[in-house]
Every structure is written in structure tokens, then in C-alpha cells.
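Examination of the molecular architecture
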Amino acid sequence: RMDPDETKHIEDLRAGGMDIRAIARKTGRDVKTIRRVLGRSAKAAQGLAPEPKISKYETQALERYDKGLTVTRILRELRDLGYTGSRTILQDFLRERRGRRRPPPRVHRRFETPPAAECQVDWSAFRIPIAGVERLVHCFSMILAYSRMLFVAFYRNERLPTLLQAHVDAYAYFHGLCHRHVYDNMGAVCVGRVRGKPIWNPTFLEFSKHYGFEPFVCRPRDPDRKGKIERPYPYIFSDLLKGSVFSSWDELNELARHWLEKVANVRIHSTTHRRPIDMFAEEKDLLVQLPPSPYPTGQLL
């Protein structure tokens with residue numbers, strides 16, 4: 001909250017004839033903040049000042065912000081608790097109390113592909129509490145490069161049988177698969193290179209032929225080639241995992257599926273400026289169809 005001295009200073013500047021934008025420049029405050037302060041002061045003078053919509057949720061908002069959660073996630077969780085205010089009210093409150101977080105900029109090379117042409121695949125490990133015990137979970141994700149439609153699931157390891165089963169789970173989610181799959185140099189896919197050409201894991205190569213896709217591995221130290229699958233992991237952590245507790249592996253994956261359907265795949269994507277689910281509608285009929293029977297992954301639970 002703004003301290004009373006600063007509020008009085010703003011009121012005095014306005015009473016002296018200074019316009020709101022000039023007051024904002026002079027005080028270093030946002031224009032919306034100045035309008036809100038002056039509006040609140042006018043209502044208070046008339047005995048009409050309502051309780052701010054954020055007032056009942058200040059503690060919950062600050063707790064989540066201090067955990068590093070994004071404003072988007074905080075807003076979603078506060079609305080589940082009954083908050084009816086706007087995102088702007090929440091942002092202004094957090095900035096007044098905690099200041100603005102400014103992530104460092106990063107430059108990426110862009111690779112855009114036609115519908116159903118390519119997906120990108122990767123693992124990332126996280127430590128999260130499950131049933132009161134901190135556990136290492138392995139997050140498998142597959143993203144369709146055109147639509148940014150995302151699949152996420154959590155497994156106990158990254159061994160080859162698990163990797164293959166994770167692919168099968170993703171194909172079931174998308175009801176098909178892309179023509180080319182892009183990987184980094186994970187050992188379960190590529191066991192080495194000869195004169196720059198990949199040596200495929202024989203079982204994985206058999207799996208790719210069974211489903212009819214072309215595997216592709218990036219050159220070493222070229223993360224931007226599969227940047228579409230690199231960028232979701234901070235988002236998965238901040239918007240799904242961070243600050244959350246799970247009672248079981250099943251609950252973790254159930255909540256992940258709910259998050260995909262209600263949040264990740266229905267949001268406006270920052271690059272395409274469209275919802276992944278809407279762009280997916282343009283490519284789903286172009287996906288490679290699933291074979292009559294799944295590959296026997298031999299996954300060990």
C-alpha cells in the first residue's frame with residue numbers, strides 16, 4: 001500500500017491543478033495507480049470508499065508471489081478462492097508491495113514448420129513433494145511445432161522402455177503423430193555419431209518405423225533448434241509444479257492433464273498469438289495415423 005504521506009502529496013499536486021499524467025511522471029508511479037489513489041481519496045471524502053477487491057486475498061497473493069509464482073497463476077488461483085477483481089488490480093498491488101520482477105532477455109533463433117510436419121521431444125527432471133516425500137520426477141513433454149499443442153506426463157525414470165511408453169501416451173493424447181520428431185542427443189535415441197551422422201538405438205529405430213516417423217537429432221550445443229520444447233519447462237515448473245504438493249503419482253499426472261486441457265493448451269501463446277487448441281484443429285487431420293496395434297514398449301513400472 002502507498003504510505004499516507006505519499007497519498008497526501010499526490011492529493012496536493014492534484015489540488016494544485018496538475019494533471020494525472022504529470023503527477024505520475026513526478027512521483028514515478030503508474031498512471032493507473034494515481035487514478036486509483038485519487039479516486040479512493042474522493043470516495044473516502046464522501047464516506048463512500050469501498051473495500052478494495054484485493055483486500056481479502058492480500059495474504060494469499062503475497063505468499064504465492066514470494067514463492068515465485070507468476071501473476072497469471074496467482075490470478076487463476078485467487079479466482080478459484082473467490083477473487084473477482086481484475087489482473088491490473090492484482091499486478092498493481094504486488095508491485096506496490098514487492099516491486100516488479102524483470103526476467104533477463106534472451107535471443108532465440110526461430111524455426112517455423114507447416115502443420116503436422118514436426119514435433120519436439122525432451123525430458124526434464126524436477127524435485128517435488130509426493131505424499132510428503134521429496135522425489136525426483138522425470139517430466140516428458142512433446143510439443144507440436146506448428147500449433148504449440150503440448151503433452152506433458154511424469155515418469156519414474158528416463159530409460160528406453162519408459163521413453164517409448166511416453167511416446168505412446170503422447171500419441172494417444174494427440175490421436176496421431178508428426179512426420180518428424182526432433183531430439184537432443186539422448187542416449188536412448190542416439191548412441192553416438194560417425195562422421196557427424198547419428199547412430200540410432202536399434203530398438204528406437206524399430207519403434208520409429210512402426211509408427212512411421214522420421215527421427216532427427218540436433219547438433220551438439222544447438223538448443224535453439226529445439227527451442228519450442230526447451231521453453232515450456234520453466235512454464236511447466238512455474239505454472240504447474242512450483243509451490244504445489246501431490247498426494248500420489250496418479251494425482252500428479254491427473255493434475256498435469258487437467259492443466260494441459262484447462263490452461264496450457266487454451267491460453268494465448270506468446271509467439272503465435274493464438275490458442276494452441278485452435279491451431280491444432282488445423283493440423284490434427286494431417287497427423288500420421290496410429291497403427292492398428294501399439295508397439296510393445298515393455299515398460300517396467
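Our structure's up above, just so we're on the same page.
Residues numbered from 1 in each chain as written. Predicted model: local features only at pLDDT ≥ 70, side-chain atom pairs only at ≥ 80, totals over all residues. Heavy atoms only, no water.

**Focus: unusual backbone geometry**
Threshold: Every helix listed is a DSSP run of H or I at least four residues long, and every strand listed is a run of E at least two residues long, numbered separately from the N terminus. Only protein chains enter the accessibility calculation, which uses a 1.4 Å probe. A residue is then buried if its area is under 20% of the maximum for its type, exposed if over 50%, and partly exposed in between.
Phi angles above zero are rare outside glycine, and A131 is one such case at about 55°. Looking at the secondary structure, you find A131 in the loop between strand 1 (118-130) and strand 2 (133-144). Given the relative accessible area of 51%, A131 is considered exposed. Positioned with a positive phi, H273 is a non-glycine residue whose angle comes to about 60°. A relative accessible area of 59% means that H273 is categorised as exposed.

**A few points about the sheet that holds strand 7 (residues 214-217)**
To summarise the sheet geometry, strands pair through backbone hydrogen bonds and adopt either a parallel or an antiparallel arrangement. To keep things clear, this is the line we draw: DSSP-based pairing: two strands are paired if at least 2 bridges between them are found. In this analysis, axes come from line fits to C-alpha atoms, helices being fitted only over the stretch in contact, and the angle between any two N-to-C directions falls in the range 0 to 180 degrees. Here a residue-residue contact requires only that any non-hydrogen atoms of the pair lie within 4.5 Å.
The five strands lie next to each other as 3-2-1-4-7, forming an open sheet whose pairing is mixed. With one partner strand each, in any of the chains shown, strand 3 (150-155) and strand 7 form the two edges of the open sheet. Taken over all neighbouring pairs, the strand axes of this sheet differ in orientation by 30° on average, direction set aside. Of the strand pairs in this sheet, strand 1 and strand 4 (residues 180-183) are connected by three bridges, and their pairing is parallel. Pairing of E118 across the sheet is with R180, part of strand 4. Here helix 10 (residues 232-241) sits on the sheet in contact with strand 1, strand 2 and strand 3, set at roughly 35° to strand 1.

**Remarks on the pairing of strand 6 (residues 197-200)**
Two strands pair when backbone bridges link them, and strand 5 (residues 190-194) and strand 6 are joined in this way by four bridges, in the antiparallel orientation. Note that in strand 6 the partner of C190 across the bridge is W200. With antiparallel pairing between neighbouring strands as the criterion, strand 5 and strand 6 make up a hairpin whose turn holds two residues, including R195 at a positive phi of roughly 55°.

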